[in-house]
Amino acid sequence: MLAPALAEVPDVDEAAIARLLVELEACPPAVAIFQTGVGTRALFSATDSLGMSPTLLGLLEKCVVVARGPKPTAALRARDVRIDRSAGEPFTTAQVLEALRDLSLAGARVVVQRYGETNVELGQSLRRRGAEVIEIPTYRWALPEDTGPLVGLIDALERNRVDATVFTSASQAHNLFALAERMGRSASLAPNLNRTLVASIGPVCSAALVGHGVEVALEASPPKLGPLVAALDAALA
């Protein structure tokens with residue numbers, strides 16, 4: 001049963017990006033972190049439209065460029081951007097922070113390409129090290145326009161027709177509970193999910209589920225789809 005819970009919605013404010021680039025020229029960043037390919041391409045698309053891509057590229061030439069995984073790496077290479085640090089597998093926030101471990105960030109400006117929602121763990125960790133974090137929104141996650149499949153999932157959970165429920169991001173959990181709240185059915189959702197085997201892609205997703213009162217039966221390690229499916233297969237065998 002497929003129940004899409006996320007939609008990517010563009011969240012690019014070209015005027016704000018133009019102002020930020022002018023500000024960054026005056027006070028350049030020490031580090032720029034790119035978290036997703038979609039967001040990286042959206043940022044460059046905006047600067048193309050503004051005629052300010054040379055400005056962005058000039059700023060990146062003078063700072064430490066960090067890529068979280070192969071997708072932002074490919075998007076940056078398509079623009080001939082030098083990549084100084086790359087997060088190792090499984091390309092999570094922990095690996096991004098590890099890639100920055102030897103850098104002094106006290107008083108440093110760190111630009112973070114935001115994806116879907118604010119990466120709270122990354123921002124807090126950078127600020128604890130004394131960095132000034134500057135987020136650039138590129139897209140946000142929302143409920144899909146067609147919430148019929150999610151409603152169908154809530155109905156099936158009510159009827160005890162689901163054996164296992166798989167979540168691949170924290171935002172999926174938040175959106176499912178937000179929809180249930182809107183329908184006046186949030187009180188029964190966690191107990192109904194807890195009658196199933198709840199599988200999570202990783203620790204961030206698990207924390208979101210636990211926050212909604214859901215008991216996570218298994219968590220992928222490392223947090224990737226292959227290990228998730230393998231763990232689910234073993235649990236249901």
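What comes next is a walk through the structure. Note that the coordinates shown come from a computational prediction; the quantities given were computed from them, not determined experimentally. (Residues numbered from 1 in each chain as written. Predicted model: local features only at pLDDT ≥ 70, side-chain atom pairs only at ≥ 80, totals over all residues. Heavy atoms only, no water.)

## So, the sheet that holds strand E9 (residues 197–200)
Remark on secondary structure: sheet strands pair via backbone hydrogen bonds, oriented parallel or antiparallel.
So, point 1. Across the sheet, three strands lie side by side as E8-E9-E10; this open sheet has parallel pairing. The sheet terminates laterally at strand E8 (164–167) and strand E10 (218–219), the two strands that pair on one side only. (Pairing = 2+ DSSP bridges. Helix = DSSP H or I, 4+ residues; strand = E, 2+ residues; numbered from the N terminus.)

## Some remarks on the nonpolar core
Note that soluble globular proteins tend to have their nonpolar side chains buried in a common cluster.
So, point 1. Counting 30 residues, the largest nonpolar core has Phe167, Leu176, Leu189, Leu193, Leu209 and Val214 as the members making the most contacts within it.
So, point 2. Among the elements of the structure, helix H7 (148–158), helix H8 (170–182), helix H9 (186–194), E9, helix H10 (203–211) and helix H11 (225–236) are those that each provide at least two residues to this core.
So, point 3. Counting residues per element, this core draws most heavily on H8, at six residues.
So, point 4. Look past the residues within four positions of Leu176 in its chain and what remains in contact with it is Leu150, Leu153, Ile154, Phe167, Leu189 and Leu193.
So, point 5. Counting residues in each nonpolar core, the second largest holds 22 residues, with Leu24, Ala67, Leu76 and Ile134 among its members. (Core = buried A, V, L, I, M, F, W, Y, C linked by side-chain atoms within 4.5 Å. Buried < 20%, exposed > 50% of the residue type's maximum accessible area, 1.4 Å probe, protein only. Contact = heavy atoms within 4.5 Å.)

## Observations concerning unusual backbone geometry
Most peptide bonds take the trans form, and the phi angle of most residues other than glycine is negative.
So, point 1. Looking along the chain, the bond that leaves Ser221 and enters Pro222 is cis, with omega of 0°.
So, point 2. By secondary structure assignment, the location of Pro222 is in the loop between E10 and H11.
So, point 3. Phi is positive for Asp80, close to 60°, though the residue is something other than glycine.
So, point 4. Looking at the secondary structure, you find Asp80 in the loop between helix H4 (70–77) and strand E4 (85–86).
So, point 5. We note that Asn160 has phi near 60°; this positive angle belongs to a residue other than glycine.
So, point 6. Looking at the element boundaries, Asn160 is found in the loop between H7 and E8.
So, point 7. Judged by its relative accessible area of 48%, Asn160 is partly exposed.

## Topic: the side chain of Arg114
So, point 1. With respect to the helices and strands, Arg114 occurs in the loop between strand E5 (109–113) and helix H6 (120–128).
So, point 2. You can call Arg114 buried: its relative accessible area is 17%.
So, point 3. Side chain to side chain, Arg114 and Asp11 meet in a polar contact 3.1 Å long.
So, point 4. In contact with Arg114, not counting residues within four places along its chain, are Asp11, Gln35, Glu135, Ile136, Pro137 and Thr138. (Polar contact = N/O pair within 3.5 Å; in protein donor to acceptor, adjacent residues only side chain to side chain.)

## What to know about the sheet that holds E5
So, point 1. The five strands are arranged E4-E3-E2-E5-E6 in an open sheet whose pairing can be described as parallel. The open sheet has two edge strands with one neighbour each: E4 and strand E6 (132–136).
So, point 2. The pairing of strand E2 (residues 31–34) with E5 spans three bridges and is parallel. What sits directly across from Val31, in E5, is Val110.

## As for H4
So, point 1. Within H4, the full set of buried residues consists of Pro72, Thr73, Ala75 and Leu76. One side of H4 holds all its buried residues, which, seen down the axis, span an arc of 165°. Opposite its buried face, H4 presents the exposed residues Pro70, Lys71 and Arg77, each directed more than 90 degrees away.
So, point 2. Buried residues along H4 sit against E2, helix H2 (37–50) and strand E3 (64–67). (Arc of directions from axis to C-beta.)

## Side note on the packing of H2 against H4
So, point 1. Axis separation between H2 and H4 bottoms out at 7 Å; the angle between their running directions is 25°. Between H2 and H4, the angle falls in the class roughly parallel. Side by side, H2 and H4 meet where Gly37, Thr40, Arg41 and Phe44 of the first sit next to Lys71, Pro72, Ala75 and Leu76 of the second.
So, point 2. Its residues assigned to classes, the contact of H2 with H4 shows four nonpolar, two polar and two charged. (Axes fitted to C-alpha atoms, helices over the stretch in contact; angles between N-to-C directions. Parallel < 35°, antiparallel > 145°, perpendicular 65-115°, else oblique. Nonpolar A, V, L, I, M, F, W, Y, C, P; charged D, E, K, R; others polar.)

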